[in-house]
Amino acid sequence: MTLIPHGRSTQPEPAIPAINVLWITQGLSCDGDTVAITAATQPSLEEIVLGAIPGLPKVNLFHPVLAYEQGGEDFLGAFRAAIRGDLEPYLLVVEGSIPNEKIKTEGYWAAFGQGSDGQPITTCQWIDDLAPGAQALIAIGTCAAYGGIHAMSGNPTGAMGLRDYLGREWQSKIGIPIVNMPGCPVQPDNFMETLLYLLYQLAGRAPMIPLDAEGRPTWLFSATVHEGCDRGGYYEQADFAESYGSPKCIVKLGCWGPVVQCNVPKRGWMAGIGGCPNVGGVCIGCTMPGFPDKFMPFMNEPPGAIMSSAAVGMYGRTVRALRSFTRMSLNREPDWRAPGPELRTGYEPTSYRNEDAK
Amino acid sequence: MSDSASPGKQLVEMSWDPITRIVGSLGIYTKIDFEERRVVECHSTSSIFRGYSIFMKGKDPRDAHFITSRICGICGDNHATCANYAQNMAFGVKPPAMAEWIVNLGEAAEYMFDHNIFQDNLVGVDFCEKMVRETNPGVLELAEHTEAPGQRVHGFRTIADIMRSLNPFEGSFYKEALHMSRVAREMFCLMEGRHVHPSTLYPGGVGTVPSQQLFTDYLLRLLKYVEFMKKVVPLHDDLFDFFYQALPGYENVGRRRILLGCWGAFQDPSVCDFRYENMSHFGRKMFVTPGIVVDGKLVTTDLVEINLGMRILLGSSFYDDWAGGEQFVTRDPLGNPVDPRHPWNQTTTPRPQKRDFKDKYTWVMAPRWFDQRTGEHLALDSGGGALARCWVTALAGVVDFGYVKATGHSLKIYLPKTVNLPETELEWRIPEWSNALERNRARTYFQAYAAAAALYFIDRAFEELHAGRTTTWHDFKVPDEGVGCGFHEAVRGILSHHMVIRGGKIANYHPYPPTPWNASPRDSFGTPGPYEDAVQGMPLFEENGRDKFKGVDIMRTVRSFDPCLPCGVHMYLGGGKELLLQHAPRFGASR
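All of these numbers come straight from a predicted model, not from anything done at the bench.

Cut-offs applied
- Residues numbered from 1 in each chain as written.
- Chains lettered and ligands numbered in written order.
- Predicted model: local features only at pLDDT ≥ 70, side-chain atom pairs only at ≥ 80, totals over all residues.
- Helix = DSSP H or I, 4+ residues; strand = E, 2+ residues; numbered from the N terminus.
- Rg over C-alpha atoms; globule rule 2.2 N^0.38 Å.
- Buried ≥ 20, exposed ≤ 12 C-beta atoms within 10 Å, placed from the backbone.
- Contact = placed C-beta atoms within 7 Å.
- Axes fitted to C-alpha atoms, helices over the stretch in contact; angles between N-to-C directions.
- Parallel < 35°, antiparallel > 145°, perpendicular 65-115°, else oblique.
- Left-handed = near helix turned anticlockwise from the far one by under 90°.
- Pairing = 2+ DSSP bridges.
- Arc of directions from axis to C-beta.
- Nonpolar A, V, L, I, M, F, W, Y, C, P; charged D, E, K, R; others polar.
- Core = buried A, V, L, I, M, F, W, Y, C linked by C-beta atoms within 7 Å.

1. Things to note about the overall build of chain B
Consideration 1: Across its full length, chain B carries 17 helices and 20 strands.
Consideration 2: Here the C-alpha radius of gyration of chain B, 23 Å, is about what a compact globule of 591 residues would show, namely 25 Å.
Consideration 3: Based on the C-alpha atoms only, the size of chain B along its principal axes is roughly 70 × 65 × 45 Å.
Consideration 4: Within the span of chain B, comprising 591 residues, buried residues form 62% of the whole.

Next comes the structure, spelled out in structure tokens:
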């Protein structure tokens, strides 16, 4: 007789027993998002892969950086099987900007694997073949989401985001739009938490993932950097840093935090440590569709900040002055805390008294 | 992997495209003689082009470090730092000492993290029990009966126990290493804000706010890493020594001529003012010495000489030549002539085309170092970074800061007492060969070196803090015209950034990371790049015949260089023969 632990009843079987996660790093990328997720702990990669979270389907990860296989067809086998429909169900993660292979007559900007003609198989071809069969498509990092750094003005490859490539209206075969996880690179736990959400959704334990108009999970990207920044108090008091290395608000040194949607100052970079303006780095807007061009030159004060910081000036300076008076008072202890024979707290003892007191 | 053979021939063409467990996209195409158990020929090619040097033109020179960080997702901060060095030179600004100690602490944490995760979570899989069982069951059998000499320190009784601990995701050491890579990244984030594209680095200094809490938070994590290193060094020594013992001749795997370059790491703010005129001097005072080793001899430690010897050849890459084009810099700030093929004078013109292994087959150019003594264009490699850093620094015999001493033939690394282990002195000795196992071994020792250096830097940072010298940034003006160059060590080796400013904008910018050096194709003289060179002619020890051949010895060779191919590489072994498919690819989920 197999003994089933009593508490097992709290863990219903997932709607699907297993899911394959196929990961393409070969957009125009730096692999920084892959490296980032190895830093995650909420959850960690190994917790997902080893099945250490209740209620999840078994996760088979096919990732070029973390694979056991040496490469080539041993590794690509899963990708080819997925195209044939022999690896159901699967999620597809794409990392890196999508180059425009149509602006030239031959050659390739991004490719992996070898085709039957002996030429490299373009990343665009893999995406064309794999996207239709995917349960969901995740664009990891700003490059895959919106184009990012490699789609900067003057770029030679015509790079773009996955949604530019497949179309804004693209939906997976089960009706999930492209899930954009911007950040350059992605904040590690933001991604793993979102992956976990999608796994729960596919397991039948969570409703449709809530995404905003730009395809971002709403619970991660609705607030601005500024709304979560622990230097916001300096801004309110119009106390602005004039040189890097100051603990004050750095909006005049190039920080775009007031208008950028990102939770990094609140969450930290990893384990609550690090970040951007909260630790002295100007926010350069790396999670935004307009990144990088609309934020450059990065070290100039954003035009909007010139106006808003002037507007907050009089209020901020007044409040700061008033608070400094209050603070002076609060830094003094009440005057009844003193040695000597006399009790000055307001209590009138009836059962004791020092005769030396007046 | 796929393989194909020409009927009646002994040579088999085999390819690995993409190769896994590296950063970026690299394919390997080889031609193998299974009777002789030897690789006969090899090419290296890249499959990604992004065009940094093109889209940086006309941008604000202050943005260079923000942009170039994005070149690499595992050592982006090395690029940002190197760009800052080039900016500081071009802008004529010397950051406060506190800023340099903070950058050094951040970069030391990067070396610890990156070498650690690559060694134990990517390279380590090639030496794990599962892999050795599938490729060399005889070796695993021997490992089961071989006691590990360092077992008292690292806790694994036999070599096979070490191999089991490296099994991906399940092995205990695999998991511990992944955890420690996170601790090192926390240290990094304390100093540079975010990993891997830092938020707090600027030309002129840093935005990090120095405090007692900041440095204490770093120090206590560092001491955990120090204790970890005391176990990891004997663990890897045991593992790599065992391979020499178990497979006589293994020293020839990945062996090539000793041609090592190191561009130096960790500035000393007491001498470094970022003036080109002073670069030879402040370069030699770096806490990792820059230099070039040819056939075991130290050729130079002079960064100006290193700079002027750089040549960018196109060879088999997909670019139009710029010969006869615009020369941006004819003389360096010291008045020395600058070659038209120097990075300051390079113009990048991509020409996408079909891949042809007899002609052009890669997006990687061929950087070489011109040796004036012999007139050779040397295909230097970085030894995966750590080997060249250790070798050059040991030979130069200059470094001596208490925690590390270079003796002329070795490096002595001192690690203080930690919670469970006593104070320990490690010694890395210059090896006989530049080969796969020694590149790997150095990668472990250099983590200890970086930890020891961080102990020194944190002492200096506390000194500055307690003396009240907490300024971290100096203002500067971007000149209308100017040049700058930065020399640094990316985790996997030599890194340089060259910038030309005109009209206050970037007129030319060329970063040279280690991978273009290591992964370069045949150059204009027909000289193969280091991967090609190290794989060509190497013996094979895998017990499998060609039907089940995994190519583990070849993969150990390529990975020993720590390929990082957001710059992209493919390798090809073959001579354009008619190919027949030998066996069907293996499909399906393995995990």
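2. Structural notes on the overall build of chain A
Consideration 1: Counting its secondary structure elements, chain A contains 11 helices and 7 strands.
Consideration 2: Computed over its C-alpha atoms, the radius of gyration of chain A comes to 28 Å, more than 25% above the 21 Å expected for a compact globule of 358 residues.
Consideration 3: Summarising its shape, the C-alpha atoms of chain A cover approximately 105 × 70 × 35 Å along the three principal directions.
Consideration 4: Relative to its full complement of 358 residues, chain A shows a buried share of 49%.
Consideration 5: Residue pairs at least 24 apart in sequence account for 70% of intrachain contacts in chain A once pairs closer than 6 positions are excluded.

3. With respect to the packing of helix α4 (residues 97-122) of chain B against helix α14 (residues 436-466) of chain B
Residues and elements named next belong to chain B.
Consideration 1: Between α4 and α14, whose axes approach to 8 Å, the crossing angle comes to 155°. The orientation of α4 relative to α14 falls into the category roughly antiparallel. For α4 against α14, the interelement crossing comes out left-handed.

4. Section: the sheet that holds strand β7 (residues 179-181) of chain A
Within a sheet, adjacent strands bond to each other through the backbone by hydrogen bonds, running parallel or antiparallel.
All names here are of chain A.
Consideration 1: A sheet is described by the order of its strands in space; here 5 strands give the open sequence β2-β1-β3-β6-β7, paired in parallel fashion. Edge positions in the sheet fall to β2 (58-62) and β7, since each has one partner strand and no second. For this sheet the average axis-to-axis angle between neighbouring strands, irrespective of direction, equals 20°.
Consideration 2: The sheet contact formed by strand β1 (residues 18-24) and strand β3 (residues 90-95) spans 5 bridges and is parallel. Considered in β3, the bridge of Val21 is made with Leu91.

5. A closer look at the environment of Glu129 of chain B
Residue and element names in this part refer to chain B.
Consideration 1: Relative to the elements of secondary structure, Glu129 occurs in helix α5 (residues 129-135).
Consideration 2: Residues Glu129 and Asp321, 192 residues apart in the sequence, show an inter-C-alpha distance of 48 Å.
Consideration 3: Ignoring sequence-local partners within four residues, the contact set of Glu129 consists of Leu140, Ala160, Met163, Arg164 and Asn167.

6. Points about helix α6 (residues 137-144) of chain B
All names here are of chain B.
Consideration 1: For α6, the set of buried residues is Val139, Leu140 and Ala143. On an axial view of α6, the arc spanned by its buried residues comes to 100°, and they lie on one face. In α6, the exposed positions angled more than 90 degrees off the buried face are occupied by Pro137 and Gly138.
Consideration 2: Close packing links the buried residues of α6 with α5, α8 (159-165) and α10 (212-246).

7. Let's talk about the sheet that holds strand β15 (residues 424-429) of chain B
Residue and element names in this part refer to chain B.
Consideration 1: Spatial strand order, β13-β14-β15: 3 strands in an open sheet with antiparallel pairing. The open sheet has two edge strands, β13 (404-406) and β15, and neither has a second partner. Adjacent strand axes in the sheet meet at a mean angle of 15°, parallel and antiparallel pairs treated alike.
Consideration 2: Note that β13 and strand β14 (residues 410-415) share 3 bridges and pair antiparallel.

8. A few points about the interface of chain A and chain B
Where interface size is given, it is often the accessible area lost as the parts come together that is meant.
Consideration 1: Contacts between the two partners involve 74 residues from chain A, matched on the other side by 80 residues from chain B.
Consideration 2: For the side of chain A that touches chain B, the secondary structure elements donating two or more residues are α1 (32-37), α2 (45-49), α3 (72-84) and β4 (111-114) of chain A.
Consideration 3: Sorting elements by how many residues they give to the side of chain A that touches chain B places α3 of chain A first, with 9 residues.

9. Quick word on the packing of α14 of chain B against helix α17 (residues 552-560) of chain B
The description of two helices packed together rests on the angle between their axes and the distance between the axes.
Residues and elements named next belong to chain B.
Consideration 1: Contact geometry for α14 and α17: axes closest at 8 Å, N-to-C directions at 45°. In terms of their interaxial angle, α14 and α17 are classed as oblique. Handedness of the α14/α17 crossing: left-handed. Contact with α14, carried on its side by Ala436, Arg439 and Asn440, involves Arg556, Thr557 and Ser560 of α17 and no other residues of that element.
Consideration 2: For the contact of α14 with α17, the residue count by class is 1 nonpolar, 3 polar and 2 charged.

10. Section: the pairing of β4 of chain A
Residue and element names in this part refer to chain A.
Consideration 1: Here β4 runs beside strand β5 (residues 120-122); their pairing, made up of 2 bridges, is antiparallel. Opposite Gln114, over in β5, you have Pro120 as the bridge partner.
Consideration 2: The antiparallel pairing of β4 with β5 creates a hairpin that spans 5 residues between the two strands, and Gly118 there sits at a positive phi of about 80°.

11. Comments concerning the nonpolar core
Most often, soluble globular proteins keep nonpolar side chains buried together rather than apart.
All names here are of chain B.
Consideration 1: Grouped together as the largest cluster of nonpolar side chains are 292 residues, with contacts concentrated most on Ala451 and Ala453.
Consideration 2: Among the elements that take part in this core, α14 stands out by supplying 15 residues, more than any other.
Consideration 3: Apart from residues no more than four positions distant in its own chain, Ala451 is found in contact with Met112, Leu222, Tyr225, Val226, Met229 and Leu415.

12. Some points on the pairing of β14 of chain B
Along any regular strand the residues' side chains alternate between the sheet's two faces.
Residues and elements named next belong to chain B.
Consideration 1: Residues Leu411, Ile413 and Leu415 point to one face of β14 and are all buried, whereas Ser410, Lys412 and Tyr414, pointing to the other face, are not buried.
Consideration 2: Here β13 hands over to β14 after 3 residues, with Gly408 in that stretch at a positive phi of 100°.
Consideration 3: Inspection of the sheet shows β14 paired to β15 by 6 bridges, in the antiparallel sense. Across the sheet, residue Lys412 finds its bridge partner in β15, namely Glu427.

13. Some words on the environment of Tyr111 of chain B
Residues and elements named next belong to chain B.
Consideration 1: Mapping Tyr111 onto the fold places it in helix α4.
Consideration 2: Judged by local crowding, Tyr111 falls into the buried class, with 30 C-beta atoms found within 10 Å.
Consideration 3: The contact partners of Tyr111, leaving out residues within four places of it in the chain, are Phe446, Gln447, Ala450 and Val491.

14. Here's the deal with unusual backbone geometry
Consideration 1: Geometrically, the link from Glu88 of chain A to Pro89 of chain A is a cis peptide bond, its omega value of -15° lying close to zero.
Consideration 2: Looking at where Pro89 of chain A falls in the secondary structure, it is placed in the loop between α3 and β3.
Consideration 3: Residue Pro292 of chain A is reached from Phe291 of chain A by a cis peptide bond, and omega for that bond is 0°.
Consideration 4: With respect to the helices and strands, Pro292 of chain A occurs in the loop between α10 (264-267) and α11 (303-330).
Consideration 5: One non-glycine residue, Arg37 of chain B, adopts positive backbone phi at about 50°.

15. Some details on helix α13 (residues 386-396) of chain B
Residues and elements named next belong to chain B.
Consideration 1: Extensive coverage of α13 is indicated by the burial of 11 of its 11 residues.
Consideration 2: Taken together, the buried positions of α13 are occupied by Ala386, Leu387, Ala388, Arg389, Cys390, Trp391, Val392, Thr393, Ala394, Leu395 and Ala396.
Consideration 3: With its phi angle positive at about 65°, Gly397 sits one or two positions after the end of α13.

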